[in-house]
Amino acid sequence: MTKELLKQVRVIDPVQKTDTVADVLIIDGYIQSIAPQITDFSADTSIRDCQGLVLGAGLVDLYSHSGEPGFEERETLSSFLQAAAAGGFTRIGVLPDTLPVIDQPALVAQLQQHRDREKPCPHLHIWGAITLDLAGKQLTEVADLVTAGVVGFTDAKPWENLGIVRRVLEYLQPFGKSVAFWPCDRHLAASGTMREGAEALRIGLPPIPASAETTAIAALLELVADIGTPVHIMRVSTARSVELIAQAKAQGVPITASTTWMHVLLDTTSVRSYHTSLHLDPPLGNHHDMLCLREAVRTGVIDAIAIDHAPYTYEEKVQAFSESPPGAIGLELALPLLWHNLVATGEFTALELWRVLSHQPAACLQQEVTAIQPGEKAELTLFDPQQVWNVNKANLQTLSYNTPWFGQEVTGRVVQVWYN
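So, how was this worked out
Residues numbered from 1 in each chain as written. Predicted model: local features only at pLDDT ≥ 70, side-chain atom pairs only at ≥ 80, totals over all residues. Heavy atoms only, no water. Helix = DSSP H or I, 4+ residues; strand = E, 2+ residues; numbered from the N terminus. Contact = heavy atoms within 4.5 Å. Salt bridge = Lys/Arg side-chain N within 4 Å of Asp/Glu carboxyl O. Buried < 20%, exposed > 50% of the residue type's maximum accessible area, 1.4 Å probe, protein only. Axes fitted to C-alpha atoms, helices over the stretch in contact; angles between N-to-C directions. Left-handed = near helix turned anticlockwise from the far one by under 90°. Nonpolar A, V, L, I, M, F, W, Y, C, P; charged D, E, K, R; others polar. Parallel < 35°, antiparallel > 145°, perpendicular 65-115°, else oblique. Pairing = 2+ DSSP bridges. Right-handed = clockwise from strand over helix to strand, strands pointing away. Phe/Tyr/Trp six-rings, centres within 6.5 Å; stacked < 30°, edge-to-face > 60°. Lys NZ or Arg CZ within 6 Å of the ring centre and 35° of its normal. Core = buried A, V, L, I, M, F, W, Y, C linked by side-chain atoms within 4.5 Å.

A. Region of the structure containing the environment of glutamine 51. Position of glutamine 51 relative to the elements: it lies in the loop between β4 (46-49) and β5 (54-57). For glutamine 51 and leucine 6, which are 45 residues apart along the polypeptide, the C-alpha to C-alpha distance reads 9.1 Å. Once you skip the residues sitting within four places of it in the chain, glutamine 51 turns out to touch Lys7 and Gln8.

Right, here's the structure in full:
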């Protein structure tokens with residue numbers, strides 16, 4: 001029997017919407033008691049002084065990329081789960097763009113079995129592909145994938161044929177699973193690598209207009225309003241997209257939406273360094289985009305922040321900015337950097353940030369996060385917002401290190417995670 005007493009820890013509960021300091025007693029993975037002071041405990045209880053530490057619901061990532069199967073040099077499933085745990089995540093969504101693509105029930109079962117061998121570790125929630133080989137043509141055997149246990153369906157890439165999107169919405173409606181789309185018009189985006197604007201002109205990188213995203217979102221919203229299948233909109237990155245989503249929600253269109261942690265933190269001015277880990281898809285927004293995304297996250301127009309962890313090898317990323325594959329790692333960096341830049345500065349409350357990293361992503365997956373109260377299983381993250389560490393190979397669990405913060409000091413680190 002394991003007994004742990006956390007003394008004077010700051011407890012952030014997005015379910016009960018509370019932020020208090022208390023003692024928390026955890027016995028065999030269950031929350032035994034929470035009180036201003038706990039004095040009744042057995043002699044074999046492990047006691048931790050948690051003054052200055054934060055205890056919150058386990059973090060939930062909506063979607064990220066695992067290298068395995070097919071790209072194990074970037075990330076194995078083991079390192080993927082270890083990186084998620086090190087970042088405070090107790091549930092992690094994996095996108096289907098592996099090799100082979102996650103479009104068959106056997107592969108879903110194989111990944112879950114691998115995860116089970118890694119226990120204790122984060123729960124693995126697998127997104128099934130909507131179309132075979134993510135080709136956007138022939139639908140997968142959806143019913144079989146539902147039986148296999150996928151959390152939802154996405155191709156995690158832009159769609160070109162709206163006729164097929166309409167058919168997908170009609171076909172998937174009866175299954176009641178999350179359906180996620182990344183809206184982007186590739187013809188408008190063309191060969192661009194940076195958001196259109198003054199910075200793109202100054203830096204000299206090919207631009208992507210905001211309309212590449214907004215026109216695709218507008219078309220998707222029309223289809224959802226017409227058919228009624230609930231949809232999750234991934235990777236929102238522009239201020240105009242926020243307006244469209246807010247209008248659709250006000251009209252009762254059944255949608256949820258997410259942006260990524262780097263789009264909330266950074267804007268196009270960061271790209272002046274030409275660091276290839278800042279080559280993202282969609283690209284970082286202009287300053288106004290970033291501010292609108294922050295406000296939309298804080299107010300709930302954007303439901304959740306996703307990590308969209310995308311590992312690449314050193315060789316893949318060490319080339320010209322526009323030639324490098326888009327994406328960056330983030331599982332171990334998101335919470336510290338978001339806390340330091342948003343909570344520590346007073347722009348977000350701790351409760352607002354924790355909500356969009358735990359309770360709300362779970363809701364987008366049609367799941368629940370339990371309240372932090374006696375009798376509940378302990379699915380928790382203990383975070384030290386003051387711990388300073390260096391982002392280097394020795395301190396990262398992920399196999400890749402494509403991040404603009406590599407080699408820098410970061411403030412804030414996860415201390416412990418409990419899985420239910």
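Right, picking up where we left off after that structure.
B. Expanded view of the pattern of salt bridges. Summed over the entire model, instances satisfying the criterion amount to 18 salt bridges. In this structure, aspartate 116 engages lysine 119 in a salt bridge whose closest nitrogen and oxygen atoms are separated by 3.8 Å. The shortest N-O distance in the salt bridge between arginine 202 and glutamate 199 comes to 2.6 Å. One end of the pair is arginine 202 and the other is glutamate 199, both in helix α6 (residues 198-203) and three residues apart, which spans about a single turn. Overall, the relative accessible area of 56% leaves arginine 202 in the exposed class. Bridged by salt links that share partners, the residues Arg115, Asp116 and Lys119 form one connected network.

C. Representation of the packing of helix α12 (residues 334-343) against helix α13 (residues 350-357). Where α12 meets α13, the axes come as close as 10 Å, and the angle between the chain directions of the two elements is 145°. For the pair α12 and α13, the sense of crossing is right-handed. Taken together, the residues of α13 that come into contact with α12 (itself represented by Leu335, Leu338, Trp339 and Val343) are Ala350, Leu353, Trp354 and Leu357. In the contact of α12 with α13, the residues fall into eight nonpolar, no polar and no charged.

D. Molecular detail of the packing of helix α1 (residues 77-86) against helix α2 (residues 105-118). Contact geometry of α1 with α2 gives a least axis separation of 10 Å together with a crossing angle of 60°. In this view, α1 runs oblique relative to α2, as classed from their interaxial angle. Judged by the sense of rotation from one axis to the other, the crossing of α1 with α2 is right-handed. Residues Leu77, Ser78, Leu81 and Gln82 of α1 pack against Leu111, His114, Arg115 and Glu118 of α2. A breakdown of the residues in the contact of α1 with α2 according to their chemical character gives three nonpolar, three polar and two charged.

E. Structural context of the pairing of strand β8 (residues 123-128). Counting buried positions along β8 yields five of six residues, so the element is predominantly enclosed. Pairing analysis gives four bridges linking strand β7 (residues 89-94) to β8, with the strands arranged parallel. Of the residues in β8, the one forming a bridge with arginine 91 is histidine 123. At this point the chain moves from β7, through α2, to the parallel β8, and the crossover so formed is right-handed. Sheet topology places β8 next to strand β9 (residues 152-153); two bridges connect them, and they run parallel. Looking across to β9, one finds that tryptophan 127 is bridged to glycine 152. A crossover links β8 with its parallel partner β9, the connecting element being helix α3 (residues 142-148), and its sense is right-handed.

F. Molecular detail of the side chain of glutamate 75. Looking at the secondary structure, you find glutamate 75 in the loop between β6 (59-64) and α1. If we skip the residues at most four places from it in the chain, glutamate 75 touches Gly67, Glu68, Phe80, His309, Pro311, Thr398 and Leu399.

G. Up close: the packing of aromatic side chains. Scanning the model with the defined rule gives seven aromatic pairs in all. Through a chain of ring-to-ring contacts, three or more aromatic side chains come together here, namely Tyr314, Tyr401 and Phe406. Here the basic side chain of arginine 74 rests over the ring of phenylalanine 71, its NZ or CZ set 4.3 Å away from the ring centre. The ring of tryptophan 182 has arginine 235 sitting right over it, with the charged end atom 4.7 Å from the ring centre.

H. Structural view of the sheet that holds β8. Pairing is parallel across the open sheet formed by eight strands, whose spatial order is β6-β7-β8-β9-β10-β13-β14-β15. Looking along the sheet, the strands with just one partner apiece sit at the ends: β6 and β15 (304-306). As paired elements, β6 and β7 share four bridges and run parallel to each other. Bridging from a neighbouring strand, aspartate 61 pairs with isoleucine 92 of β7.

I. A look at the nonpolar core. Counting 115 residues, the largest nonpolar core has Phe181, Ile233, Trp261 and Leu338 as its most contacted members. When residues no more than four places from it in sequence are discounted, the contact partners of phenylalanine 181 are Ile130, Thr154, Trp159, Val165, Val168, Leu169, Leu220, Val231, His232, Ile233 and Met234. Residues Val11, Ile26, Cys50 and Leu380 belong to the second largest nonpolar core, which totals 14 residues.

J. Representation of the side chain of glutamine 360. Relative to the elements of secondary structure, glutamine 360 occurs in helix α14 (residues 359-364). Setting aside residues up to four positions removed in sequence, glutamine 360 forms contacts with Asp303, Ala304 and Arg355.

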